[in-house]
Amino acid sequence: MKFGLLYLPTFDAAVHQNSATLYQQIFEQVELAEALGFDAVWAAEHHFTPYGGDIPNPAVLLAALAQRTQRMRLGTAGVALPVNRAINVAEQLAMVDALSGGRLDIGVVRAFLNFEYEALQVDMNESRERFNEGVEVLLGAFANERFSYHGKFNHFDNVEMRPRPVQRRPRILVGSVATPESVIYAGHQGFDLMVIPYAVSMDIVAQTIALYHQSLREAGHRVEDHGVMATFHLYIEADAASACATVRDPILRYVAHLRDAVAADRWSKDYRGYEGMAQRIEALMDFDLLYDGRTVFGDPAHAKACLQPAIDAGVTEFNFINILPGLPQDKILASMRLFAAEVMPHFR
C-alpha cells in the first residue's frame, strides 16, 4: 500500500497569512513526508477560489518540490485539461519530469466549476472532447521528439517537443467524482483511476471501482496491472476526542468552501450526475457523517478502521489532504508523524 499527500489547499488568512507562507508550509510538510517514508505528493489545479485556487498550475509547485525531494513521486491530481492548452501542459509536465529525474505521474481531470470555464473562456459543453484530445496530446508529446496532431481543438504540425522528459510513457490517472463515463474511459484506455470517497459513500466507491475493473477487462487490460488512488482528509492525535475537537471546525469550513464553489449548481451536458451537487455537498456539513469512514480523523486505531473498507473495495493507494482552514502547521506535522509511526506500517 502506498501513501502520499495531496494539495488542494483552502487558504486561511489566520494560519497562512499570505500565499507565500502557504507555499513554505507545503514545502515543510513535503520535506517531512519524504523523511517519514510517504511515497508521493500530488497537486490539484483550481482557479479563482479559496477552494484550491492557490495552485492554478500544479507543474509550478511540483517543479519546486522536485528540488526539495529525492525519492517521492510527484503527481498532478489533476491537471484540468479542458481549460488549458494541451501542448503547453505537455511542455510544463515534461520539464517537471526532467527536473525530478523521471518521478512524474500525471493525473488528469475535466474541471467542474462553472466559473473556471467562464473566466478562462472555454465552453463547458466541450469539456469531454477537449479532455480526450488533451490526453492524446500529452501522450504524443511525451513519446515523440516531433509530433503532429489534428483534432477539433488542437492543431499543429511537426512540432519539436522540448524539453524531453525522462519517461516516454508516464503513468496516467483519470479522476472521477460522479460520472461513469470517466471511469469507463479510464478502464478502456488502460489508465489508473482517482476517486474521492468523502464526496460519496463507500458503497458508491466500491461500485465505481467495480465498473473500472470491468472496463479494464473489456479492453483486455489486467486489473492487477492498474491502481486506484483514493483521497481522504487526514488529522489524527493519540486521543480521538482531542483530535475530533481540533479538526471539527476546520473540516466543516473546508466543506463550506467546496459548497460555495458549486453553489451555482450549473452544469453542462458533459456532467451527467452532477445536478444537485450543491445540495449533496451541503449534506456533508455534518461532522459525524464525515467522521464515519469518509475522512481519516481521530486516533490511529480509528484511522486504520477508516482505511480498511477502501482497501477492501479495491483502493491500492491513498493520498491525504491535511491543510484545512484554521488547522495550525505544528498540529499538521504532528499528525503526519503519528500516522507514519502507527498507521502506515500496518498496511505496508
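Structure: above.
So, how was this worked out
Residues numbered from 1 in each chain as written. Predicted model: local features only at pLDDT ≥ 70, side-chain atom pairs only at ≥ 80, totals over all residues. Heavy atoms only, no water. Axes fitted to C-alpha atoms, helices over the stretch in contact; angles between N-to-C directions. Helix = DSSP H or I, 4+ residues; strand = E, 2+ residues; numbered from the N terminus. Parallel < 35°, antiparallel > 145°, perpendicular 65-115°, else oblique. Left-handed = near helix turned anticlockwise from the far one by under 90°. Contact = heavy atoms within 4.5 Å. Nonpolar A, V, L, I, M, F, W, Y, C, P; charged D, E, K, R; others polar. Disulfide = S-S within 2.5 Å. Buried < 20%, exposed > 50% of the residue type's maximum accessible area, 1.4 Å probe, protein only. Phe/Tyr/Trp six-rings, centres within 6.5 Å; stacked < 30°, edge-to-face > 60°. Lys NZ or Arg CZ within 6 Å of the ring centre and 35° of its normal. Pairing = 2+ DSSP bridges.

J.: Please provide a residue-by-residue account of the packing of helix H2 (residues 19-36) against helix H13 (residues 329-342), values included.
T.: Between two packed helices, what matters for the description is the angle formed by their axes and the separation of those axes. Where H2 contacts H13, the two axes come as close as 10 Å, and the packing angle between them is 15 degrees. Judged by the inter-axis angle, H2 sits roughly parallel to H13. For the crossing formed where H2 meets H13, the hand is right-handed. Along its contact with H2, which presents Gln 25, Glu 28, Gln 29, Leu 32, Ala 33 and Leu 36, the element H13 presents Gln 329, Ile 332, Leu 333, Met 336, Arg 337 and Ala 340. Counted by class, the contact of H2 with H13 contains seven nonpolar, three polar and two charged residues.

J.: Talk me through the state of the cysteines; I want residue IDs and the actual numbers.
T.: Per the stated rule, a full pass over the model turns up zero disulfides. In this structure Cys 244 is a free cysteine whose sulfur lies 9.7 Å from that of Cys 306, the closest cysteine sulfur available. In this structure Cys 306 comes out as buried when scored by relative accessible area, which is 3%.

J.: I'd like to hear about the packing of aromatic side chains, residue by residue, with values.
T.: Here the structure, examined in full by the defined rule, presents 20 aromatic pairs. Relative to Tyr 274, the ring of Trp 267 has its centre 5.1 Å away and its plane inclined at 50 degrees; by these criteria the two rings are tilted. Like Tyr 274, Trp 267 is buried. Feature note: the residues Phe 3, Phe 38, Phe 232, Phe 318, Phe 320, Phe 339 and Phe 347 constitute an aromatic cluster, connected by ring pairs. Note that Arg 110 overlies the ring of Tyr 271, its terminal NZ or CZ placed 4.2 Å from the centroid.

J.: Explain the pairing of strand E1 (residues 2-7) to me, using residue names and the numbers behind them.
T.: Across the six residues that make up E1, a large majority, five, are buried. Across four bridges, E1 lies against strand E2 (residues 40-43) in parallel orientation. Within E2, the position partnered with Leu 5 by the bridge is Val 41.

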